[in-house]
Amino acid sequence: MRIALINENSQAAKNEMVYNTLKKVAEGKGHTVDNYGMYAADDAAQLTYVQNGILAALLINSGAADFVVTGCGTGEGAMLALNSFPGVLCGHVVDPSDAYMFMQINDGNAISLPFAKGFGWGAELNLTYIFEKLFEGEPGGGYPKERVVPEQRNKKILDGVRKVAFKDSLIDILKNLDQDLVKGAVAGEKFQELFFANCKNPVPFGDCQIPGFSSFLSTSYFAVGDTLGVEDQVRIEGKNANDFVAELEQKGNEANKAALEAAKEAYAMIGIELNY
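Per-chain numbering applies: the sequence of each chain, read as written, is numbered from 1 onward. A pLDDT threshold of at least 70 governs which residues receive local features in this predicted model, and a stricter bar of 80 or more applies before side-chain atom pairs are shown or counted, although totals over entire chains, interfaces and linings include all residues. Neither water nor hydrogens contribute to the side-chain values; these are computed over all heavy atoms in the structure.

> Just checking my understanding: could you explain the packing of aromatic side chains for this structure?
Two numbers describe a pair of aromatic rings. These are the distance of the centres and the angle of the planes. Any Phe, Tyr or Trp ring, taking Trp's six-membered ring, that has another such ring centre within 6.5 Å forms a pair; planes under 30 degrees apart are called stacked, those over 60 apart edge-to-face, and the others tilted. Tallying each qualifying case throughout the model produces 7 aromatic pairs. Between Tyr36 and Phe191 the ring centres are 6.3 Å apart and the planes differ by 55°, which places this aromatic pair in the tilted class. In this pair, Tyr36 is assigned in the loop between β2 (32-35) and α2 (49-62) and Phe191 in helix α9 (residues 191-198), connecting sequence segments 155 residues apart. Residues Tyr36 and Phe191 agree in their burial class; the two are buried. One aromatic cluster in this structure is built from Tyr36, Phe191, Phe195 and Phe196. Charge-over-ring contacts are defined here by two conditions on Lys NZ or Arg CZ: a distance within 6 Å of the ring centre and an angle within 35 degrees of the ring normal. The residue whose ring lies beneath Lys133 is Tyr100, and the NZ or CZ to ring-centre distance is 5.1 Å. The side chain of Lys190 reaches across the aromatic face of Tyr39, ending 5.4 Å from its centre. Only DSSP runs of H or I with at least four residues qualify as helices, and only runs of E with at least two residues qualify as strands; both kinds are numbered from the N terminus onward. Burial classification: accessible surface area is computed with a 1.4 Å probe over protein chains only, and a residue below 20% of its type maximum counts as buried, one above 50% as exposed, and the rest as partly exposed.

In structure tokens:
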């Protein structure tokens, strides 16, 4: 599992300690940790807890990270920010039992920690124990164990509710946010290095060889509703394939153009200009 650590500006000075503690525990369990910062309070790229949510959503939804560890002064703000986005299920964790039960009962993919409130003498020990219990056993195993079936059932129900609640795609959400806020969330010193090396899920603009091609197939070539696809209209209904050529060429070009424009807009949000 690839774990991403994200710290916002008010607690950035603790990044190194949190990272070293997380790395020691996670690597001992066979996981990898990427540190997205902030790395120090005076970093050029400043993150707020709201931007933690934006960055975490990008990492989780793109597959660049499987799990996110973040937080803020109380842990509450970062948790709320992360849970504002599709695909992210973040728990508020204060102690080791929180960590264990969140993973076993709720099976989420992010936690938010309080890095100021209650973060005093022995804080690094508490972090160690939290991370140990967080990554203990298989997620979703239930607590207590005899409750595993209803807990897994409720998790599936929650996932279904969230799919309905989050109707907009992450790309559409990011496009409608303040663009300075979005660009600031991905302005970290190591963002591009870590993100592009580990991103697994490309933005769905269409086929990777011909942008827009898969969109063209699903909307213009294959069956749509009660209308047969082009091949079936020719094969079953006996229509002339030549009659479809001009319309399909036009729709294919339109899908390609739309995909290329969408790609430009999406990459522009993270500060990358595409020229073609």
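> Looking at this structure, how should I read helix α5 (residues 123-134)?
Count 3.6 residues to each turn of an α-helix, and residues three or four apart come out pointing the same way. Taking 1.5 Å of rise per residue, 12 residues should cover 16 Å, and α5 covers 16 Å from first to last C-alpha, within 8% of that figure. Buried residues of α5: Ala123, Leu127, Ile130, Phe131 and Leu134, and no others. All buried residues of α5 project into a common sector of 95° when viewed along the axis, lining one side. Here the expected length of a helix is defined as 1.5 Å per residue gap, with one fewer gap than residues. Throughout, the arc means the angular range of directions from the helix axis out to the C-beta atoms.

> Explain the pattern of salt bridges here, please?
Two side chains carrying opposite charge are able to pair once their charged atoms lie near each other. Any Lys or Arg side-chain nitrogen found within 4 Å of a carboxyl oxygen on Asp or Glu counts as a salt bridge. Evaluated as defined, the whole model comprises 9 salt bridges. The residue Lys175 makes a salt bridge to Glu265 at a minimum N-O spacing of 3.1 Å. On the criterion of sequence distance, the pair formed by Lys175 in helix α7 (residues 170-176) and Glu265 in helix α12 (residues 245-269) is long-range, its members being 90 residues apart. Where Asp232 meets Arg235, a salt bridge forms, and the shortest distance between an N and an O atom there is 2.7 Å. Remark: Arg235 and Asp232 occur in helix α11 (residues 230-235); sequence separation between them is 3 residues, near one turn of the helix. Under the relative-accessibility criterion, Asp232 is labelled partly exposed at 26%.

> I keep staring at the pairing of strand β1 (residues 2-5) and nothing clicks. Help me out?
Successive side chains on a regular strand alternate, one facing one side of the sheet and the next facing the other. Paired strands are those between which DSSP finds at least two bridges. Pairing of β1 with β2, which is carried by 4 bridges, proceeds in the parallel orientation. Opposite Leu5, over in β2, you have Asn35 as the bridge partner. What joins β1 to β2 is helix α1 (residues 15-28), and the crossover it makes is right-handed. Across 3 bridges, the pairing between β1 and strand β3 (residues 67-72) is parallel. Crossover handedness is defined here as right-handed if the route from the first strand over the helix to the second strand goes clockwise, with the strands pointing away from the viewer.

> Would you mind going over the nonpolar core with me for this structure?
As a rule of thumb, nonpolar side chains are buried together in soluble globular proteins. Among buried residues, those of type Ala, Val, Leu, Ile, Met, Phe, Trp, Tyr and Cys that are joined through side-chain atoms within 4.5 Å constitute a nonpolar core. Formed by 35 residues in total, the largest nonpolar core has its most connected members in Ile6, Tyr36, Leu55, Leu59, Val68, Leu174 and Phe191. At the level of secondary structure, the elements contributing two or more residues to this core comprise α2, α3 (76-82), α7, α8 (179-185), α9 and α12. Element by element, the count of residues in this core is highest for α2, at 7 residues. Not counting the four nearest positions on each side in its chain, Leu174 is found in contact with Ile54, Leu58, Phe85, Gln179, Val182 and Met269. Among the nonpolar cores identified, the runner-up in size contains 24 residues, and Val18, Val33, Phe102 and Leu127 belong to it. By the convention used here, residues are in contact when the closest approach between their heavy atoms is within 4.5 Å.

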